[in-house]
Amino acid sequence: MLRTRSPFLSAFLVLVGTIIGAGVFGVPLVFSRMGLLVGSLAFWGVALLVLASHLLFAEVIARDGKQRRLPGYVGNVLGRWAEHAAVISHSFHLIGSNLAYLILGGEFLAVLTASVLPNVHVIGWQTVFWVGGAVTVLAGIHVMTRVESFMAWIEISSMALIAGLAFFFIKYPVTVSLDWSQATVGLGVFLFALSGLSVMPEVYELTGRRIGLTRRVTIASTALTALLTWLFGIGMYLAAGGRELGTAAEIALILPPGIGWLIPFFGFFAVATSYLTTAFDLRAMCVYDLKWRSSVASLLALGTPFALLFFTTRNFFTTIDVVGAIFSGTNALLITLVAFVLMRRSKKRVPFWWRTLVPLAAAALFLFVILQRVATSGVH
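Counting from 1, residues in each chain are numbered in the order their sequence is written. In keeping with the predicted nature of the model, local features appear solely for residues at pLDDT of at least 70, side-chain atom pairs appear and are counted solely at 80 or more, and the whole-chain, interface and lining totals rest on all residues. Side-chain measures here rest on the full set of heavy atoms in the structure, leaving out hydrogens and waters.

### Re the environment of valine 135
Then, number 1: Under the DSSP-based scheme used, a helix requires at least four consecutive residues in state H or I and a strand at least two consecutive residues in state E, with every element numbered from the N terminus. Relative to the elements of secondary structure, valine 135 occurs in helix α6 (residues 122-139).
Then, number 2: For the pair formed by valine 135 and leucine 276, sequence separation is 141 residues and the distance between their alpha carbons is 9.9 Å.

### Regarding the confidence of the model for the protein
Then, number 1: Residue-level confidence of the predictor, termed pLDDT, takes values from 0 up to 100. When pLDDT is averaged along the protein, the result is 87, and 93% of the positions lie at 70 or above.
Then, number 2: Confidence, read as mean pLDDT per element, is least for helix α11 (residues 248-252) in the protein (72) and greatest for helix α3 (residues 36-64) (95).

### Focus: the packing of α6 against helix α14 (residues 294-308)
Then, number 1: Contact geometry of α6 with α14 gives a least axis separation of 11 Å together with a crossing angle of 170 degrees. In terms of orientation, α6 and α14 fall into the roughly antiparallel class. Contacts from Thr127, Trp130, Ala134, Val137 and Leu138 of α6 reach α14 at Ser298, Leu302 and Phe306.
Then, number 2: Gly is put with the polar residues, along with every residue not named as nonpolar or charged; the nonpolar set is Ala, Val, Leu, Ile, Met, Phe, Trp, Tyr, Cys and Pro, and the charged set is Asp, Glu, Lys and Arg. Taken together, the residues of the contact of α6 with α14 sort by class into six nonpolar, two polar and no charged. Helix axes are fitted only over the stretch in contact, all axes being lines through C-alpha atoms; the angle between N-to-C directions runs from 0 to 180 degrees. By definition in this entry, angles of less than 35 degrees are roughly parallel, angles greater than 145 are roughly antiparallel, angles of 65 to 115 are roughly perpendicular, and the rest are oblique. A contact between two residues is defined here by any heavy atoms of the two lying within 4.5 Å.

### A look at the nonpolar core
Then, number 1: Among buried residues, the Ala, Val, Leu, Ile, Met, Phe, Trp, Tyr and Cys ones that are joined through side-chain atoms within 4.5 Å form a nonpolar core. For every residue, the accessible area obtained with a 1.4 Å probe (protein chains only) is divided by the maximum for its type, and the residue is called buried under 20%, exposed over 50%, and partly exposed between those limits. In terms of nonpolar packing, the biggest core is built from 121 residues, with Phe25, Phe57, Val74, Phe190, Phe232 and Phe266 touching the most fellow members.
Then, number 2: If one sorts the elements of this core by residue count, helix α15 (residues 316-345) sits on top with 14 residues.
Then, number 3: Here valine 74 is in contact with Gly79, Ala82, Glu83, Ala86, Leu334, Ile335 and Val338, once residues within four sequence places are set aside.
Then, number 4: Counting residues in hydrophobic clusters, the runner-up holds seven residues, among them Leu94, Leu282, Cys286 and Ala301.

### Details of the environment of valine 369
Then, number 1: Its place among the elements puts valine 369 in helix α16 (residues 352-375).
Then, number 2: Under the relative-accessibility criterion, valine 369 is labelled buried at 6%.
Then, number 3: In sequence terms valine 369 and phenylalanine 266 are 103 residues apart; their C-alpha atoms lie 29 Å from each other.
Then, number 4: Excluding anything up to four places from it in sequence, valine 369 contacts Leu187, Leu191 and Ala325.

### Here's the deal with the packing of aromatic side chains
Then, number 1: For Phe, Tyr and Trp, where Trp contributes only its six-membered ring, two rings pair if their centres lie within 6.5 Å, and the inter-plane angle classes them as stacked under 30 degrees, edge-to-face over 60, or tilted in between. Within the structure shown, the criterion is met by 20 aromatic pairs.
Then, number 2: With centroids separated by 5.3 Å and ring planes inclined at 85 degrees, the aromatic side chains of phenylalanine 43 and phenylalanine 190 adopt a geometry described as edge-to-face. Residue phenylalanine 43 is found in helix α3, and its partner phenylalanine 190 is found in helix α8 (residues 187-194); the two are separated by 147 residues along the sequence. As far as burial versus exposure is concerned, phenylalanine 43 and phenylalanine 190 are alike and both buried.
Then, number 3: Seen in terms of ring centroids, phenylalanine 232 and phenylalanine 266 are 5.8 Å apart; in terms of plane orientation they differ by 55 degrees. Their pairing is tilted. In this pair, phenylalanine 232 is assigned in helix α10 (residues 211-240) and phenylalanine 266 in helix α13 (residues 262-288), connecting sequence segments 34 residues apart. Both residues of the pair, phenylalanine 232 and phenylalanine 266, count as buried.

### Concerning the pattern of salt bridges
Two side chains that carry opposite charge are able to pair once their charged atoms sit near each other.
Then, number 1: By definition, a salt bridge exists where a carboxyl oxygen of Asp or Glu is found within 4 Å of a side-chain nitrogen of Lys or Arg. Within this structure, the stated rule accounts for eight salt bridges.
Then, number 2: Its salt-bridge partner being glutamate 59, residue arginine 63 comes within 3.3 Å of it at the nearest N-O pair. With arginine 63 and glutamate 59 both in helix α3, this residue pair falls four residues apart, about one helical turn.
Then, number 3: One network of salt bridges, in which partners are shared, links Glu59, Arg63 and Arg215.

Laid out in C-alpha cells, this is it:
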C-alpha cells in the first residue's frame, strides 16, 4: 500500500475504515431487543473477543512471513481440510458483507437524494453504489488507499458527532432492566460490527512488518471503533424511543430534519470504505491463495454480491447477523486455533496465558456464537 503518512496512522485509518461499516446500524436494533444493560455487557464481551482475534491474527501473520490471505494462513498450519473450510467461510463472509454494504449504501444514497431525485428506485442507487466501488477497486491499491484514508476521517468525526447529538434527543424516562432472556439475540451483529480480520494482512504491511507496532495499531483502532460503535448504538436506541430501526430511512428519522441528513451522510462513507476493503480482500484471496487469474478474481469479488442483490430480500439486519455469527465467527475460530498451534510450536518463550488460555477461551466463545446462531436460525 502507498504510505503517504506515518505507518501508525496509515494502518490505523485502514483498520478503522474497515471496521466501521454496515454493522454499526444494526447495533441500535440489537440494544432494543437486549436492553441497555444486558446489551452493553454483551457488546463489550464481544469487543474483547474481537480484539483477541485481531491480535492473534497479527501473531499468525508475523510468524508466517509470507504474503497470504486468511485461508492461506489457516491451510499452512492446519492443513488442506482447514484451508478448504476457510476458503468457504471467508468467501461467504466477504460476499455476504459486500451484499450488506450494497444494500445499505444504496439505501443511504436514496435518502440523501430523495428531495432531488425522488422517483429513482433504491435498486438503482444500489447499482450506482456498486459501479463506484467496482471502479475504485479496479483502479488499484494506491487509489483505493487514498480514498479509504480520506473517508476514514469523515467516518470518525461524523460518527462521534451523531452519537453526541443523539443524546440530546433521548426519550425519557429510560428503563434499565437486567433481563438475560434475550442476551444472545444479535451477537452476530456485534461480531460483524467490530470485526476487521479481513484487513489485518494490510495492517501488518503498512506498519513495515513490525509486530510491536501492529499490536499498538490494533489495540488503538479496535478500542476506538468499539467505543464509538457503543456510543452510537445506545444513543440511537435511546433517541428512537422504541421505534423500529430496520432500514436506512427509519434510522435517518431519529434526528430532526435539519440535522437528520448527517446519518445517511455518515452511513454512506462508512459502508463505502468497508466495501472497498472487503472487495479487495476477496479478490486478493482468489489471486494469492487460490491462484486464479486476476480477471476471474475480479469477476467473483465484484460480480457475485451485485448479482445476489436481485435474488435476496435485501434485509441488511438479517444479512449481517448471519454473516457475523456464522462466517465471521468461523474465520475467527480458525485463526485462534492457528495461533494456538503456532505458539505451542514456537521455540521462543511465550507466556502461558497468551499461547494457551487466550486462544482456547476465544475459540470456545466463537464456537458458542456460531452454534447459538445456527440453533436459532430463522428467529430474529
